[in-house]
Amino acid sequence: MVPPRLTAITILFGVAVPTVGDEGALPTALPGFNGITTPFSLETLQIIAPYAFGVAIVGLIETLLTAQLVDSITETGSSKWRESWGQGIANVASAFFGGTGGCAMIGQTVINVKTAGARTRISTFAAGASVLVLTIVLHDVVAEIPMAALTAVMIMVCVATFDWHSIRPRTLRRMPLGETAVMVITVVVVVVTDNLATGVLVGVVVAALVFARRAAHVVSVAREVVDEHTVRYRVRGALFFASSNDLVTRFSYAEDPEHVVIDMSDAHVFDASTVAALDGVEQRFAKHGSSVEVVHLNTGSTAIHGRLSGELG
């Protein structure tokens, strides 16, 4: 109720404040079909591609985060694939009518779902229809709304949307250092660069590095002597470039007998670097006169190991 009250006060008392109308003229009719008004050339694509890519990435991330949040609040499920396709098609179609790209808005969605109690997509349609009526039919009234009133609304949206529990000292002390670092670095980059896309990109890269570092320490190799001629190694964990870089050092090449079995029943091979590491293990054992048998690979691991083993130099 803040905007109507402030608007009434500024009009009744003639208070000179910046208003919505000062920011530009509001539309008085629905937009028409414009088609492509810019030259469709390689030069144009080179100019707009970086911005289009950044907007698309940020838009998709915010839409998917919003969908996940709504699923959590309403205890329902949604198709993230359908949401992404719908957003992309709608953005392309709106461009032909002079519209700009858009995405799901976490702040407005939280107010809509949490505060207003909305549970269906009719609420989204009603919100859009209301904005349409305000801008097309009541544009003269909307033009008189003080910008300060809208600022107050956005501040309250931020207050209601923000998860204050996430920055409590007690929570931060219990959170893994890596996750806290990702949050702080992302916020700092967004504030310093004034570019959400850059902050999101840096945050994703840092999160990937934190995950890779953490995953590198979850692989274990256990040695078991079967008999005087055979030793079995049980490998456990997800094997990819970060976790398999020291796999070669986990075996006792000089001490093992002529037959070595590597049991992969509790492991999964994700990339070529792991296959190369397993090939390196076999080569080292071969130098010590031992033969290696890799057993119990799951379907996915068998496919990538069979395709790349012996082909990586």
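Summarised in this report is the structure supplied together with it. Note that the coordinates shown come from a computational prediction; the quantities given were computed from them, not determined experimentally. (Residues numbered from 1 in each chain as written. Predicted model: local features only at pLDDT ≥ 70, side-chain atom pairs only at ≥ 80, totals over all residues. Heavy atoms only, no water.)

Inspection of the secondary structure puts Thr-180 in helix 9 (residues 177-193). Setting aside chain neighbours within four positions, we find Thr-180 in contact with Leu-172 and Met-175. (Helix = DSSP H or I, 4+ residues; strand = E, 2+ residues; numbered from the N terminus. Contact = heavy atoms within 4.5 Å.)

Before going further, it helps to examine a positive patch on the surface. A surface patch of positive charge is lined by Arg-168, Arg-170, Arg-173 and Arg-174. Within the secondary structure, Arg-168 is located in the loop between helix 7 (147-161) and helix 8 (169-174). A relative accessible area of 48% means that Arg-168 is categorised as partly exposed. (Patch = residues over 30% accessible without salt bridge, like charges linked within 9 Å, V, L, I, M, F, W, Y side chains within 5 Å. Areas by Shrake-Rupley, 256 points an atom, 1.4 Å probe, with all protein chains shown as cover. Salt bridge = Lys/Arg side-chain N within 4 Å of Asp/Glu carboxyl O. Lys, Arg positive; Asp, Glu negative; His and termini not counted. Charge placed at Lys NZ, Arg CZ, Asp CG, Glu CD. Buried < 20%, exposed > 50% of the residue type's maximum accessible area, 1.4 Å probe, protein only.)

Tracing the sequence through the fold places Asp-71 in helix 2 (residues 42-74). Of note is the side chain of Asp-71, whose polar atom sits 2.7 Å from the side chain of Lys-80. (Polar contact = N/O pair within 3.5 Å; in protein donor to acceptor, adjacent residues only side chain to side chain.)

On to the pairing of strand 4 (residues 291-295). Sheet analysis places strand 3 (residues 259-269) next to strand 4, joined by five bridges and oriented parallel. Following the sheet pairing, Val-260 is matched in strand 4 by Val-292. Note on the crossover from strand 3 through helix 11 (residues 272-287) to strand 4: the handedness is right-handed. (Pairing = 2+ DSSP bridges. Right-handed = clockwise from strand over helix to strand, strands pointing away.)

For the rest of this paragraph, the subject is the packing of helix 2 against helix 10 (residues 196-215). Contact geometry of helix 2 with helix 10 gives a least axis separation of 9 Å together with a crossing angle of 70°. Considering their axes alone, helix 2 and helix 10 lie roughly perpendicular with respect to each other. In the crossing of helix 2 with helix 10, the sense of the turn from one axis to the other is left-handed. On helix 10, the residues that touch Gly-54, Val-58 and Ile-61 of helix 2 are Leu-196, Ala-197 and Val-200. A per-class count over the contact of helix 2 with helix 10 returns five nonpolar, one polar and no charged. (Axes fitted to C-alpha atoms, helices over the stretch in contact; angles between N-to-C directions. Parallel < 35°, antiparallel > 145°, perpendicular 65-115°, else oblique. Left-handed = near helix turned anticlockwise from the far one by under 90°. Nonpolar A, V, L, I, M, F, W, Y, C, P; charged D, E, K, R; others polar.)

This structure, assessed with the given rule, holds seven salt bridges. Close ionic contact of Asp-256 with Arg-223 constitutes a salt bridge, the shortest N to O distance being 2.6 Å. One end of the pair, Asp-256, is in the loop between strand 2 (230-239) and strand 3; the other, Arg-223, is in strand 1 (residues 220-227), with 33 residues separating them in the sequence. Overall, Asp-256 belongs to the buried group, its relative accessible area being 8%. What you see here is one network of salt bridges that share partners, running through Glu-224, Arg-232, Arg-234 and Asp-263.

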